Number of protein chains: 2
Amino acid sequence: MITVSIIGSGNVAQHLIQAFSKSTEIELLQVFSRQKKNVAHLLDSNQITDDLSTLAVADLYVIAVSDAAIATVSSQLPFKNRLVVHTSGSVDLADLDDANRKGVFYPLQTFTKNKAVDFSVIPICLESEHPEDFDLLEKVAKSITNITYKLNSEQRKATHVAAVFVNNFVNHLYQIGNQICTENQISFDILKPLIQETAQKVMTLSPNEAQTGPAKRKDSATIDRHLSFLSDDNQKNIYRILTQSIQNNGQKL
Amino acid sequence: MITVSIIGSGNVAQHLIQAFSKSTEIELLQVFSRQKKNVAHLLDSNQITDDLSTLAVADLYVIAVSDAAIATVSSQLPFKNRLVVHTSGSVDLADLDDANRKGVFYPLQTFTKNKAVDFSVIPICLESEHPEDFDLLEKVAKSITNITYKLNSEQRKATHVAAVFVNNFVNHLYQIGNQICTENQISFDILKPLIQETAQKVMTLSPNEAQTGPAKRKDSATIDRHLSFLSDDNQKNIYRILTQSIQNNGQKL
């Protein structure tokens with residue numbers, strides 16, 4: 001059994017606790033949480049600590065805290081030369097404290113509290129300071145997912161930026177679609193099959209092959225009708241910029 | 001049996017031909033195509049005509065041609081007082097020629113040639129000039145889908161604009177995600193589980209509840225890191241505008 005302790009109690013920490021608890025290859029040793037009650041529903045009370053100095057020896061420590069706190073928390077660990085990883089898409093491996101062996105264990109998914117996720121289909125992006133630590137990270141990742149990637153910090157940052165486009169920004173376009181429906185007394189439900197098919201299409205076609213619509217076919221009559229239909233300046237602006245970007249194939253203007 | 005003839009041979013026409021052919025309540029009478037070969041793989045040759053004057057009497061004529069051609073085609077029909085609908089999201093019902101009874105039969109989905117779709121989950125938006133024609137349109141729609149909506153031309157236009165946001169523009173953000181991955185030697189596959197979960201989330205949560213990420217949590221350190229990571233001015237511009245829009249909740253600036 002590989003022993004793992006988790007430092008943190010937020011969304012990612014809670015989802016990792018649940019995933020590791022189910023794994024037959026991992027022994028989840030301890031979870032550090034400043035507020036023990038945050039994780040009390042997930043663990044036995046003797047597994048929870050609010051004191052970093054009580055952390056026992058483990059094969060791996062996973063720091064799952066906010067990006068801004070990673071460096072500080074890693075510098076507060078009261079031990080040396082152990083394997084310590086963070087779970088962030090955008091923080092450099094080098095930002096971890098030099099006292100321990102560094103790594104990254106970044107699950108590329110959007111986590112919502114109280115919404116279960118199937119970890120087995122979540123890509124975990126791995127990086128290690130020392131090549132000899134990579135195998136252990138991969139074993140731990142493979143115990144909860146079928147999909148692992150070896151990415152350096154630059155590639156991980158690229159993936160995180162790409163994830164903002166295909167998750168955060170896409171969801172915001174759903175929100176604008178919702179607003180347009182609501183303003184016209186139409187249920188958002190009407191868009192749901194289209195939203196699903198749009199996501200489904202790029203599972204087998206490239207986004208370039210899947211692109212359709214007035215911007216792609218340079219149908220300026222429809223584009224003009226849409227722009228005059230939109231009354232909100234922000235929505236108009238986004239419509240214009242994305243239409244232009246589609247026509248330039250997403251490349252530099 | 002309700003008799004239906006289709007005028008047109010493009011993507012929408014072809015998908016409707018396939019759907020009506022399977023329906024037990026519809027008799028697909030004829031298909032008009034300027035190029036008979038476009039639909040020769042879908043129909044018996046005696047069902048295909050390239051001469052509008054040979055169109056037999058049908059309960060419903062479905063004009064499935066490009067938006068720009070709808071008015072002209074409807075004015076060339078050599079009969080009067082029959083029920084004629086178009087399949088466009090953005091063309092007014094009133095644009096159909098006055099010689100016949102007007103209606104709209106708009107399937108809200110993205111159709112790709114040679115990619116089968118499951119019509120039963122596609123919303124069909126219906127409108128009729130004469131209230132007494134609505135029942136027939138609804139029967140025809142219900143013969144191929146479980147989801148129908150009664151929308152007036154203004155609501156249909158709103159739905160079409162919303163569809164551009166959640167389909168065309170979303171797909172373009174997938175394309176930018178793909179570009180960022182490619183430039184950094186990462187497979188687009190890494191984003192696929194996230195793309196699916198993002199779409200899945202809004203099946204049960206509102207887009208507003210589902211929103212996460214640096215823009216939502218006003219994490220300016222991450223936003224700045226992302227902006228300096230992006231080298232493409234167009235991508236930077238889209239990142240800035242969508243980040244700002246998320247922070248303004250998609251509303252007027």
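Residues numbered from 1 in each chain as written. Chains lettered and ligands numbered in written order. Predicted model: local features only at pLDDT ≥ 70, side-chain atom pairs only at ≥ 80, totals over all residues. Heavy atoms only, no water.

K.L.:
An account of the overall build of chain A is requested, with residue identities and associated values reported.
P.N.:
For chain A, the helix and strand inventory stands at eight helices and eight strands. By its C-alpha atoms, chain A is 65 × 35 × 30 Å across when sized along the principal axes. Burial statistics for chain A: of 253 residues in total, 60% are counted as buried. Pairs at least 24 residues apart make up 53% of the contacts formed inside chain A by residues separated by at least 6 positions. Split by element, the accessible area of chain A, about 10,400 Å² in all, is 45% carbon and sulfur. A gap of 5 Å separates the mean positions of the 24 positive and 27 negative side-chain charges of chain A. (Helix = DSSP H or I, 4+ residues; strand = E, 2+ residues; numbered from the N terminus. Buried < 20%, exposed > 50% of the residue type's maximum accessible area, 1.4 Å probe, protein only. Contact = heavy atoms within 4.5 Å. Areas by Shrake-Rupley, 256 points an atom, 1.4 Å probe, with all protein chains shown as cover. Lys, Arg positive; Asp, Glu negative; His and termini not counted. Charge placed at Lys NZ, Arg CZ, Asp CG, Glu CD.)

K.L.:
Let's hear about the nonpolar core: which residues, and what values?
P.N.:
Counting 82 residues, the largest nonpolar core has Phe-165, Leu-173 and Tyr-174 of chain A together with Phe-165, Leu-173 and Tyr-174 of chain B as its most contacted members. Look past the residues within four positions of Phe-165 of chain A in its chain and what remains in contact with it is Val-170 of chain A together with Leu-173, Ile-176, Ile-180, Leu-230, Gln-235, Ile-238 and Tyr-239 of chain B. (Core = buried A, V, L, I, M, F, W, Y, C linked by side-chain atoms within 4.5 Å.)

K.L.:
How would you summarise the interface of chain B and chain A if you had to cite specific residues and measurements?
P.N.:
When the parts of a complex come together, some accessible area is lost, and that lost area is often taken as the interface size. With 95 residues of chain B in contact, the opposing surface of chain A contributes 95 residues. Seen at the junction of chain B and chain A, the total is two salt bridges. As a salt-bridge pair, Arg-225 of chain A and Asp-67 of chain B come within 3.9 Å of each other at their nearest N and O atoms. For the pair chain B and chain A, the number of links is 35 residue pairs in polar contact (both at pLDDT 80 or more). (Salt bridge = Lys/Arg side-chain N within 4 Å of Asp/Glu carboxyl O. Polar contact = N/O pair within 3.5 Å; in protein donor to acceptor, adjacent residues only side chain to side chain.)

K.L.:
Before we move on, can you summarise the relation of the copies chain B and chain A with the specific residues and values?
P.N.:
Rotating chain B by 180° and moving it 0.0 Å along the rotation axis overlays it on chain A with an RMSD of 0.0 Å. The transformation just described matches what one would write down for a two-fold rotation axis. For chain B, the residue whose C-alpha comes nearest the rotation axis is Val-170 of chain B, separated from it by 2.7 Å. Both copies share a contact surface, since 100% of the interface residues of chain B are interface residues in chain A too. (Least-squares fit on C-alpha atoms with pLDDT ≥ 70 in both.)

K.L.:
Just give me the short version of the packing of aromatic side chains, but keep the residues and values in it.
P.N.:
In this structure the tally under the stated criterion is 12 aromatic pairs over all chains. Relative to Phe-105 of chain A, the ring of Phe-20 of chain A lies with its centre 6.2 Å away and its plane at 45°, an arrangement referred to as tilted. One end of the pair, Phe-20 of chain A, is in helix H1 (residues 11-22); the other, Phe-105 of chain A, is in strand E6 (residues 101-107), with 85 residues separating them in the sequence. A relative accessible area of 1% means that Phe-20 of chain A is categorised as buried. Its relative accessible area of 0% is what places Phe-105 of chain A among the buried residues. Relative to Tyr-239 of chain B, the ring of Phe-169 of chain A lies with its centre 5.1 Å away and its plane at 75°, an arrangement referred to as edge-to-face. Taken together, the residues span two chains, with Phe-169 of chain A in helix H4 (residues 153-183) and Tyr-239 of chain B in helix H8 (residues 233-247). For the pair Phe-169 of chain A and Tyr-239 of chain B, a shared accessibility class is recorded, and that class is buried. These aromatic residues form a ring-pair network of at least three members: Phe-165 and Phe-169 of chain A together with Tyr-239 of chain B. Between the NZ or CZ atom of Lys-150 of chain A and the centre of the ring of Phe-134 of chain A, over which it lies, the distance is 4.7 Å. (Phe/Tyr/Trp six-rings, centres within 6.5 Å; stacked < 30°, edge-to-face > 60°. Lys NZ or Arg CZ within 6 Å of the ring centre and 35° of its normal.)

K.L.:
I'd like a description of the packing of helix H4 (residues 153-183) of chain B against H8 of chain B, backed by residues and values.
P.N.:
Residue and element names in this part refer to chain B. With their axes 12 Å apart at the nearest point, H4 and H8 run at an angle of 130° to one another. Compared by their axis directions, H4 and H8 come out oblique. Pair H4 / H8 crosses with left-handed handedness. From H4, Leu-173, Ile-176, Gln-179, Ile-180 and Glu-183 reach across to H8, where they touch Gln-235, Ile-238 and Leu-242. (Axes fitted to C-alpha atoms, helices over the stretch in contact; angles between N-to-C directions. Parallel < 35°, antiparallel > 145°, perpendicular 65-115°, else oblique. Left-handed = near helix turned anticlockwise from the far one by under 90°.)

K.L.:
Go over the environment of Asp-59 of chain A with me, naming the residues and quoting the values.
P.N.:
Residue and element names in this part refer to chain A. With respect to the helices and strands, Asp-59 occurs in the loop between strand E3 (48-49) and strand E4 (60-63). C-alpha of Asp-59 to C-alpha of Val-84: the two residues are 25 residues apart in sequence and 9.0 Å apart in space. Apart from the residues within four sequence positions on either side, Asp-59 is in contact with Met-1, Ile-2, Thr-3, Leu-83 and Leu-136. In this structure the side chain of Asp-59 is engaged in a polar contact, spanning 2.8 Å, whose partner is the backbone nitrogen of Thr-3.

K.L.:
A description of the side chain of Gln-211 of chain B should follow, citing residues and the corresponding values.
P.N.:
Within the element layout of this structure, Gln-211 of chain B appears in the loop between helix H6 (207-210) and helix H7 (220-229). Here the side chain of Gln-211 of chain B touches Asn-168 of chain A through a polar contact of 3.0 Å, landing on its backbone oxygen. At 3.4 Å, the side chain of Gln-211 of chain B forms a polar contact with the backbone nitrogen of His-172 of chain A. Once residues lying within four places of it in the same chain are set aside, the contact partners of Gln-211 of chain B are Asn-168, Asn-171, His-172 and Gln-175 of chain A together with Lys-216 and Ile-246 of chain B.

K.L.:
Tell me about the pairing of E6 of chain A, and please be specific about residues and values.
P.N.:
All names here are of chain A. Most of E6 sits inside the fold, with six of its seven residues counted as buried. Where strand E5 (residues 83-86) and E6 come together, four bridges link them in parallel fashion. Across the sheet, Leu-83 pairs through a bridge with Arg-101, a residue of E6. With five bridges joining them, E6 and strand E7 (residues 124-128) adopt antiparallel strand pairing. By the bridge assignment, Gly-103 is partnered in E7 with Ser-128. (Pairing = 2+ DSSP bridges.)

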